[in-house]
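Results of the structural survey
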Amino acid sequence: LVIHPGERVGIVGLNGHGKTTLLLSIIGRVDWPLGEIELDGKSIMRTPTHRLARAGVVLMPQGDALFSGLSVRDNLDSGAFAAGWRERRKRRDRVLRLFPRLADRLRQSAGTLSGGERRMCSLGRGLMSDARVYLIDEPSLGLAPGIVAGLFSTLRELYAGGGALILAEQNQTLLEGWIETILRI
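Report follows, based on the coordinates. Because the structure is a prediction, the values reported are computed rather than measured.

A separate point is the side chain of E117. For E117, the position within the fold is in helix α6 (residues 115–127). Not counting residues up to four positions away in its chain, the partners in contact with E117 are R101, L102 and R105.

And the structure:
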């Protein structure tokens, strides 16, 4: 699997077929026994996850992985920890346009959100990062169809800047026409 800057790759398969394992392998959370995982021609096989995040490789996990005791704003802003406050606000505004329901809940604890709102917050935090490589696991999980359409529209805008995307999804119909390469596993 080779992905170039600006390329969008979809990985389609049923539950248990290895989509999440592949994404976790890229960020070093699962040992990958064969081949090599490289970024800019250099191996990242044993690179700590926090260093990969600084290098611009961001995983948006399946479900949500929020800091339940922190507010929605703090969860979102944690995705842009390296950005200055003006840039962070600009990115947050973009996320809130995509997920307007979160705008009303910025001061609310993330642990008190509904399942769909938690998914929006988790995806929003990933979108705050301005990454070079996004690894997105099941983005449509728990979201209404209209919100999923808006998410894919926002992802299209993000990749106009040259970033790369690997998107794992069960729903091939969502990927068709938007993803350049679809791998079935």
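Those residues of helix α1 (residues 19–26) that sit buried are K19, L22, L23, S25 and I26. Down the axis of α1, the smallest arc covering the buried residues is 160 degrees, so these residues share one side. Where α1 is buried, its residues contact β1 (8–12), α2 (49–54), β4 (57–60), β5 (133–137) and β6 (164–169). Taken from the residues just after α1, G28 is the one with a positive phi, measuring 80 degrees.

With that settled, the discussion passes to the pattern of salt bridges. Within this structure, the stated rule accounts for six salt bridges. The salt bridge involving E138 is made with K19; its shortest N-O contact spans 3.6 Å. Here E138, found in the loop between β5 and α7 (145–158), pairs with K19, found in helix α1; they are 119 residues apart in sequence, far enough to count as distant. You'll find E138 and K19 in the same group, each marked buried. A salt bridge links R91 to E87, with the nearest nitrogen and oxygen atoms 3.0 Å apart. Of this pair, R91 and E87 are both found in helix α4 (residues 85–98), four residues apart, which corresponds to roughly one turn of the helix. Residue class for R91 comes out buried when judged on its relative accessible area of 11%. A relative accessible area of 30% places E87 in the partly exposed class. One network of salt bridges, with partners in common, ties together R101, R105 and E117.

Another aspect to go through is the environment of I26. Along the chain, the position of I26 falls in helix α1. Measuring from C-alpha to C-alpha, the distance between I26 and V57 comes to 9.0 Å, with 31 residues separating the pair along the chain. If sequence neighbours within four positions are ignored, I26 has contacts with I37, I44, L52, L135 and I166.

Another aspect to go through is the pairing of β5. Within a regular strand, side chains alternate between the sheet's two faces. Across the five residues that make up β5, a large majority, five, are buried. On β5, burial covers both faces: V133, L135 and D137 on one face and Y134 and I136 on the other are all buried. The pairing of β4 with β5 spans four bridges and is classified as parallel. By the bridge assignment, M60 is partnered in β5 with I136. Pairing of β5 with β6 involves five bridges; the strand directions are parallel. Bridging across to β6, Y134 finds its partner in L165.

Tracing the chain through its elements places G124 in helix α6. Judged by relative accessible area, G124 falls into the buried class, the value being 0%. Every residue in contact with G124, bar those within four places of it in the chain, is listed here: L76, V95 and F99.

What follows is about the sheet that holds β6. Reading across from one edge, β4-β5-β6-β1-β7 is the order of the five strands in this open sheet, with parallel pairing throughout. With one partner strand each, in any of the chains shown, β4 and β7 (181–184) form the two edges of the open sheet. For this sheet, the mean angle separating the axes of adjacent strands, direction not counted, is 15 degrees. Pairing analysis gives five bridges linking β1 to β6, with the strands arranged parallel. From the neighbouring strand, V9 faces β6, where its bridge partner is I166.

Conventions and cut-offs
Residues numbered from 1 in each chain as written. Predicted model: local features only at pLDDT ≥ 70, side-chain atom pairs only at ≥ 80, totals over all residues. Heavy atoms only, no water. Helix = DSSP H or I, 4+ residues; strand = E, 2+ residues; numbered from the N terminus. Contact = heavy atoms within 4.5 Å. Buried < 20%, exposed > 50% of the residue type's maximum accessible area, 1.4 Å probe, protein only. Arc of directions from axis to C-beta. Salt bridge = Lys/Arg side-chain N within 4 Å of Asp/Glu carboxyl O. Pairing = 2+ DSSP bridges. Axes fitted to C-alpha atoms, helices over the stretch in contact; angles between N-to-C directions.

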